[in-house]
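# Close look at the chain arrangement
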Amino acid sequence: MNAVADRPLGDYARLQAALPGQGLPWLERWRAEALAAFAASGYPTLRDEDWKYTSVAAIENAVFDLLPPAGAAPAEVSAKLGAAIEALALPGACLMVFVDGRYAPALSRLDALPAGVTVASLAETLARAPERLQAWLGRRQFHASPLAGFAALNAAGFADGAYVHVDQGVTLAAPLQLLFVASAEKLATHSRNLIVAEAGSRLDLIEQHAARGAAGYLSNVVSDLAVGPGAAIAHYKLQEEGARAFHVAAVNAELQQGSRFASASFAFGAALARTDIAVALAAENAECTLDGLYLADGRQHIDHHTRIDHLVPRGTSREFYKGVLAGAGRAVFNGKVVIHEDAQHSDAAQSNRNLLLSPLAEVDTKPQLEIWADDVKCSHGATVGQLDPEQIFYLRSRGLAAAAAQTLLTWAFAAEMVERVPLAALRERLDRLLRARLPQSGETLEVWP
Amino acid sequence: MLEITNLHVSVDGKEILRGIDLVVQAGEVHAVMGPNGSGKSTLAQVLAGRDSYTVSAGSVRYDGRDLFALSPEERAREGIFLAFQYPVEIPGVANIYLLKAALNAQRQHRGLPELDAVDFLALVRDQLKRVGMDEALLYRPVNQGFSGGEKKRNEILQMAVLQPKLAILDETDSGLDIDALKAVADGIEAMRRPDRAIILVTHYQRLLDYIVPNQVHVLAQGRIARSGGPELARELERRGYAWVEAAAAGTGAAA
């Protein structure tokens with residue numbers, strides 16, 4: 001047994017009694033297996049190929065609470081926190097709020113959901129209708145995920161999350177916002193979302209992670225999405241965690257015949273953030289789009305690992321990630337596309353572009369294509385560049401201050417990813433966040449575009 | 001308005017301008033001509049404040065002030081405008097935004113309030129018609145995907161909106177077909193005013209068929225080899241640059 005892993009293991013074993021799903025043998029077995037898997041693997045280290053550039057020693061060495069402080073049940077959220085959360089709600093969206101990893105129904109707004117849609121707390125569903133979850137939970141092999149130890153800890157320790165089920169042919173006109181808010185310092189939360197879109201259904205999902213009142217904590221989240229035949233899910237992940245927070249997240253999507261999955265990951269916050277997105281094109285004519293934008297400033301470290309498996313013929317995948325690195329910020333992009341032997345006529349394109357604003361900033365980018373079929377169309381590329389002095393001089397010669405010119409060009413580089421978001425309210429919110437997060441923003445631009 | 005005295009400029013240790021003397025008064029149009037590599041564009045860029053050049057000697061006074069004490073943006077706000085030989089593409093920044101930001105930077109510098117959206121758009125549309133540009137280009141990223149002629153017209157549009165005191169046009173006529181040349185020339189001619197000076201940097205005489213300059217200067221090997229009236233441009237058109245260069249080489253050797 002890994003000695004380092006001893007402490008969390010002991011804690012998580014003790015935690016079991018406080019977790020939902022007690023008395024469900026299949027779940028207890030699954031959680032026990034997860035604990036055993038973690039005991040065997042421990043936390044990932046720099047020796048693991050998938051963690052070569054991202055050290056989680058800081059997470060390993062930190063001491064976290066595993067349960068929110070007593071008396072801070074989400075039902076009793078303070079007025080101040082309630083108002084802060086209200087400000088995070090996206091206009092026009094259905095809203096599901098989780099405070100410190102627990103569902104807060106009083107802050108949520110689910111009345112506008114159409115018939116044929118179930119949106120519920122995962123903990124509550126485990127209590128009331130566990131049979132709806134049994135077939136799905138644990139279907140993904142947590143030990144196969146590159147998140148390894150973190151996925152195992154999530155399985156062993158998840159307390160809540162969203163369960164979303166959309167019946168065949170049903171369309172959600174309004175987006176569904178899953179808002180995870182951290183308010184307790186030093187807390188480790190493990191959240192788990194299960195999204196099932198039956199044949200021909202449509203759903204826009206916003207998974208947002210923010211901090212109000214807490215700065216340092218661990219947020220470890222797994223989202224599993226099943227996209228049925230002809231169904232379409234758009235998944236927007238918005239990470240604006242606290243300045244000292246650790247954020248580890250997995251997004252796993254399985255695509256059936258003729259389905260579409262659009263993922264966009266916006267990573268702006270946290271001290272250390274790692275997001276793994278895995279898409280399996282499991283049936284023919286499925287299509288996925290993976291967009292991403294990461295900003296790392298100060299000493300932030302932001303890591304994205306994506307993997308797209310073309311398992312069958314005629315799948316299409318498009319991936320486009322951009323990053324802005326300032327200060328001593330650091331980013332990792334690892335994008336793997338695997339075209340399996342049977343996946344003839346696959347069409348895959350991948351691109352990663354980075355803007356380095358400081359000599360201390362760093363990015364490690366690794367686009368990877370692994371092709372086992374012979375009749376495919378694939379391309380990939382990565383660039384790392386700086387602001388163009390010609391463009392800066394041109395703008396200055398028109399009267400813009402040097403700092404304003406830099407801010408404007410940086411914004412223009414990053415805003416391309418925001419403009420690709422089709423939801424106007426979300427696009428507006430993202431643009432506002434982007435402007436606020438840009439290095440030396442604020443007063444540098446008198447007027448924004 | 002502009003007084004250049006014994007200006008020496010080098011780039012990467014190589015001296016490009018080797019003692020330029022030039023005085024441009026308000027209300028005048030000066031043409032700076034010369035063969036490729038004579039230093040015409042260097043002069044234009046140095047006046048606008050490009051920092052890849054080193055001024056090793058000499059001075060430039062603009063409205064009585066030391067030009068080199070001003071940053072490029074301060075020069076722009078004080079009324080200097082450079083129309084680029086190769087206008088720069090700025091992906092992601094709408095053309096109309098740049099016009100607005102540039103105009104507001106200038107107005108703020110002068111203690112004037114921002115133009116409201118209605119007045120601004122009216123102003124831009126008016127100028128747009130004069131340079132014969134499609135309004136759709138306002139909403140496209142700056143110069144991105146513009147044809148050569150559209151880029152040059154866009155420079156003239158910016159100039160017309162910003163109404164500079166000193167306009168420097170760096171080979172704005174190059175690469176234009178005859179219609180675009182006419183439109184650009186009309187745009188420049190319309191800018192002529194008693195309180196404004198214009199410097200036209202050009203290789204060819206043809207722009208001067210439309211805009212008759214007060215003075216023509218010929219640059220050769222980093223110096224003004226010859227100055228004269230509009231007839232000098234026609235002489236260059238007839239005889240080429242070789243005779244001026246030969247004469248300049250002669251003076252250079254003698255000095």
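Values in this document were obtained by computation on a predicted structure and should not be read as measured data.

As a further point, take the overall build of chain A. Within chain A one finds 10 helices and 19 strands. Out of the 449 residues belonging to chain A, those deemed buried represent 58%. Restricting to contacts in chain A with at least 6 residues of sequence separation, those with at least 24 account for 82%. Positive and negative charge centroids in chain A, built from 39 and 49 side chains respectively, lie 3 Å apart.

Attention now goes to the interface of chain A and chain B. With 21 residues of chain A at the interface, the matching set in chain B holds 33 residues. Regarding the contact of chain A and chain B, the summed buried area is about 2,200 Å², with carbon and sulfur atoms giving 62% of it. When the buried surface of chain A facing chain B is broken down by residue, Phe393, Tyr394 and Arg398 of chain A rank first, second and third, together holding 36% of it. At the surface where chain A touches chain B, the tally comes to three salt bridges. One salt bridge connects Glu390 of chain A with Arg50 of chain B, and the closest N-O pair in it is separated by 3.1 Å. For the pair chain A and chain B, the number of links is 11 residue pairs in polar contact (both at pLDDT 80 or more). Sorting the residues of the side of chain A that touches chain B by element identifies α8 (389-396) and α9 (402-419) of chain A as the ones contributing at least two each.

It is worth spelling out empty space enclosed by the protein at this point. Residues and elements named next belong to chain A. For the coordinates displayed, the defined rule picks out five cavities of 30 Å³ or more. Estimated volume of the largest cavity: approximately 130 Å³. Every element with two or more residues in the lining of the largest cavity is listed here: β5 (176-182), β6 (188-197), β7 (202-211) and β8 (218-227). With three residues, β5 is the single largest residue contributor to the lining of the largest cavity. Grouping the amino acids of the lining of the largest cavity by side-chain chemistry returns nine nonpolar, five polar and two charged.

All right, on to the pairing of strand β12 (residues 223-228) of chain B then. Residue and element names in this part refer to chain B. Examined bridge by bridge, strand β11 (residues 215-220) and β12 share five bridges and lie antiparallel to one another. Bridging across to β12, Leu219 finds its partner in Ile224. Counting the residues that bridge the hairpin from β11 to β12 gives two residues, and of these Gln221 lies at a positive phi of roughly 50 degrees.

Turning to the sheet that holds strand β9 (residues 232-240) of chain A, a few remarks are in order. Residues and elements named next belong to chain A. Strand order in the open sheet made by the 10 strands is β2-β1-β5-β7-β9-β11-β13-β15-β17-β19, with mixed pairing throughout. Because the sheet does not close on itself, it has two edges, and the strands there are β2 (102-103) and β19 (377-385). Sheet contacts for α9: β11 (260-267), β13 (287-296), β15 (316-325) and β17 (347-356); angle to β15, the most-contacted strand, approximately 150 degrees. The sheet contacts of helix α10 (residues 424-437) involve β7, β9, β11 and β13, and relative to β9 the element is tilted by about 25 degrees.

This part is about unusual backbone geometry. Note on backbone geometry: most residues besides glycine have negative phi, and most peptide bonds are trans. A positive phi is found at Asp100 of chain A, a non-glycine position, where the angle reads about 50 degrees. Tracing the backbone shows Asp100 of chain A in the loop between β1 (94-99) and β2. A relative accessible area of 7% means that Asp100 of chain A is categorised as buried. With a phi close to 45 degrees, Asn6 of chain B is a non-glycine residue in the positive phi region.

The next point concerns helix α1 (residues 40-48) of chain B. The periodicity of an α-helix, 3.6 residues per turn, causes residues three or four positions apart to be oriented the same way. Residue and element names in this part refer to chain B. Most of α1 sits out of view: eight of its nine residues are buried. Within α1, burial applies to Lys40, Thr42, Leu43, Ala44, Gln45, Val46, Leu47 and Ala48. Looking one or two residues past α1, Gly49 carries a phi angle of roughly 105 degrees, positive in sign.

Per the stated rule, a full pass over the model turns up 11 aromatic pairs over all chains. Between the aromatic rings of Phe266 of chain A and Phe268 of chain A, the centroid separation amounts to 6.3 Å while the plane-to-plane angle is 65 degrees, which identifies the pairing as edge-to-face. In this structure Phe266 of chain A comes out as buried when scored by relative accessible area, which is 3%. Here the aromatic rings of Tyr394 of chain A and Phe84 of chain B are separated by 4.8 Å at their centres, their planes lie at 75 degrees, and the arrangement is edge-to-face. Here the residue Tyr394 of chain A occupies a position in helix α8, and Phe84 of chain B occupies one in the loop between β6 (80-83) and β7 (90-94), the pair thus bridging two chains. Owing to a relative accessible area of 0%, Tyr394 of chain A belongs among the buried residues under this scheme. With a relative accessible area of 3%, Phe84 of chain B lands in the buried category.

What counts, and at which threshold
Residues numbered from 1 in each chain as written. Chains lettered and ligands numbered in written order. Predicted model: local features only at pLDDT ≥ 70, side-chain atom pairs only at ≥ 80, totals over all residues. Heavy atoms only, no water. Helix = DSSP H or I, 4+ residues; strand = E, 2+ residues; numbered from the N terminus. Buried < 20%, exposed > 50% of the residue type's maximum accessible area, 1.4 Å probe, protein only. Contact = heavy atoms within 4.5 Å. Lys, Arg positive; Asp, Glu negative; His and termini not counted. Charge placed at Lys NZ, Arg CZ, Asp CG, Glu CD. Buried area = accessible area lost by both parts, 1.4 Å probe. Salt bridge = Lys/Arg side-chain N within 4 Å of Asp/Glu carboxyl O. Polar contact = N/O pair within 3.5 Å; in protein donor to acceptor, adjacent residues only side chain to side chain. 1 Å grid on protein atoms, 1.4 Å probe; cavity = no way out; pocket = protein on both sides within 12 Å on 5 of 7 lines; lining within 4 Å. Points joined across faces, edges and corners; volume = space filled by probe spheres on them. Nonpolar A, V, L, I, M, F, W, Y, C, P; charged D, E, K, R; others polar. Pairing = 2+ DSSP bridges. Axes fitted to C-alpha atoms, helices over the stretch in contact; angles between N-to-C directions. Phe/Tyr/Trp six-rings, centres within 6.5 Å; stacked < 30°, edge-to-face > 60°.

By themselves, these are just geometric observations and shouldn't be taken as functional.
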